[in-house]
Amino acid sequence: MSHHADPARFRAAASRFSTGVTVVTSSDAEGAPVGMTANSFTTVSMQPPTVLVSLKRGRTWQAVSTTRRYAVNVLAADDVAIGRHFAGAAMAQGAPVLDACDGFFLLPQAIAQFGCEVVSTVEIADHTLFIGEVRCCHHQDGLPLAFYASRFRSGLGAEIRPGDAMAYPAEGWSV
Ligand SMILES: Cc1cc2nc3c(=O)[nH]c(=O)nc-3n(C[C@H](O)[C@H](O)[C@H](O)COP(=O)(O)O)c2cc1C
């Protein structure tokens, strides 16, 4: 039998990877918006612009599986209530969604929006990686909402400049 890390220890360790917070939206069988909070959003490649989200089977998973389309809305620090809403309530009803950008459901106050078409999927346990090519994207200035150690956080840390102790490579990043 293969050995797996203890789930509680894994959850605690994984929570130390700080992320932004997104709401992934799609359309249900009636064309109504559905959405869920997701921090598994990752950029994959620049050419073509490609991203992925890892979604557990549920209402939004069903919608993305059926339509093969989803939008990723990156939340601002002000929008913790939206992050909570979409983490608990599967229905997007009552949430401030806007139908724009070729029929993708976008949150107008998101600091970035990506409209994606699924080009590949990978099934892992009870999740699916939905790899999507980005058909349209927008952004606006604003402090991001963050998630770290299982808590929503607001704002950014101080910028680390190249001359500072923590130098970073000038080239070689995919995005
Ligand atoms: C900060 C945060 C990040 C989350 N990220 C994910 C994620 O990446 N994938 C996932 O399947 N669920 C994630 N969840 C849980 C879903 O938001 C939650 O299970 C949601 O109700 C599922 O909606 P659905 O019923 O439409 O599938 C996250 C929750 C929170 C609070």
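Preceding this section is the structure that the text describes.
What comes next is a walk through the structure.

Further remarks concern the pattern of salt bridges. Working definition: two side chains of opposite charge can pair if their charged atoms are close together. Within the structure shown, the criterion is met by 5 salt bridges. Of the charged contacts, one joins Glu133 and Arg135 as a salt bridge, the two residues approaching to 3.1 Å between their closest N and O atoms. Here Arg161 makes a salt bridge to Glu159, at a shortest N to O gap of 3.6 Å. One continuous salt-bridge network, built from bridges that share partners, spans Glu117, Glu133 and Arg135.

The next point concerns the packing of aromatic side chains. Summed over the entire model, instances satisfying the criterion amount to 2 aromatic pairs. On the basis of an interplanar angle of 40 degrees and a centroid distance of 5.3 Å, the ring pair of Phe41 and Phe114 is categorised as tilted. Within this pair, whereas Phe41 is found in the loop between strand E3 (33–38) and strand E4 (42–45), its partner Phe114 is found in strand E9 (residues 112–124), the two being separated by 73 residues in sequence. In terms of burial, Phe41 and Phe114 fall into one category: buried.

Cut-offs used in this document
- Residues numbered from 1 in each chain as written.
- Predicted model: local features only at pLDDT ≥ 70, side-chain atom pairs only at ≥ 80, totals over all residues.
- Heavy atoms only, no water.
- Salt bridge = Lys/Arg side-chain N within 4 Å of Asp/Glu carboxyl O.
- Phe/Tyr/Trp six-rings, centres within 6.5 Å; stacked < 30°, edge-to-face > 60°.
- Helix = DSSP H or I, 4+ residues; strand = E, 2+ residues; numbered from the N terminus.
- Buried < 20%, exposed > 50% of the residue type's maximum accessible area, 1.4 Å probe, protein only.

Just distances and angles here, no functional claims.
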